[in-house]
Amino acid sequence: MTQTKPSLLTRLFGGAQEAPTPDPLPTPTSAKPAETGGARPRLGHEPVLHTMLARQILDAHLRNRHQLLDRAPTDFRSFDAEETDLLVRAMAAAAHADGELDATERGRIRSRLNTSSLEEEDRDRLQRQVEQPQCLEELIRRVDGPRMAARFYAVSLATVDKHAPINRSYLRYLAQRLGLPADLVVRLNRQMGLRL
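Residues numbered from 1 in each chain as written. Predicted model: local features only at pLDDT ≥ 70, side-chain atom pairs only at ≥ 80, totals over all residues. Heavy atoms only, no water.

1. Let's talk about the overall build of the protein
Inference 1: In terms of helices and strands, the protein carries nine helices and zero strands.
Inference 2: For the protein, the sequential pattern of α-helices and β-strands runs α-α-α-α-α-α-α-α-α.
Inference 3: With 196 residues in all, the protein has 31% of them scored as buried.
Inference 4: Total accessible area on the protein is roughly 13400 Å²; 52% of this is exposed by carbon and sulfur atoms. (Helix = DSSP H or I, 4+ residues; strand = E, 2+ residues; numbered from the N terminus. Buried < 20%, exposed > 50% of the residue type's maximum accessible area, 1.4 Å probe, protein only. Areas by Shrake-Rupley, 256 points an atom, 1.4 Å probe, with all protein chains shown as cover.)

Below you can see the structure in the form of structure tokens.
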């Protein structure tokens, strides 16, 4: 059986005492700024700052999204003849989505049309075409950007009974087909008193 050779500390101190522990080195956080070249210790505020910055970025992003909305997206006085034509047809498509155009929906379309800048002859022509709506897919192909998409949805929303289940399903489908951001849809719905 082999014996292990005693270490230098054991031979010097006879094994009676444990080796002295060295003094702990100062940690960087306990060092003074002058000793560490002027670097200040981290105080752990980064998560809070990151959260605040992320919230500001999100708020700015949502404000930009909402700029797609007009002040009154269903006010036909601000639309030109081509936009008016498309949006009246959008209203007709929405009104017929449940299978029939009722007197209330017809009145809403007529009311919007009467506020437009169209000549009386053009208004009468569009009013007649409301009775036979164009295919929704053809109408959506005419939507040329996010602003018009928001208007298309808004006038459709203003036309129908928003609380009827079939109309709510139509509006969800329409928002999806138009590619509207969810936050924009929520804002439009709230403006018109609807929560989908």
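2. Remarks on the pattern of salt bridges
Inference 1: Evaluation of the coordinates by the stated rule reveals six salt bridges.
Inference 2: Between Asp85 and Arg89 there is a salt bridge, and its shortest N-O distance comes to 3.0 Å. Highlighted residues: Asp85 and Arg89, both in helix 3 (residues 81–95), separated by four residues, approximately one helical turn.
Inference 3: Looking at Asp85, the relative accessible area reads 12%, which means it is buried.
Inference 4: For the salt bridge of Arg142 with Asp85, the shortest nitrogen-to-oxygen distance reads 3.1 Å. Placement of Arg142 in the loop between helix 6 (136–141) and helix 7 (146–159) and of Asp85 in helix 3 is noted, with a sequence separation of 57 residues between them.
Inference 5: What makes Arg142 partly exposed here is its relative accessible area of 31%.
Inference 6: Salt bridges sharing common partners tie together Asp85, Arg89, Arg125 and Arg142. (Salt bridge = Lys/Arg side-chain N within 4 Å of Asp/Glu carboxyl O.)

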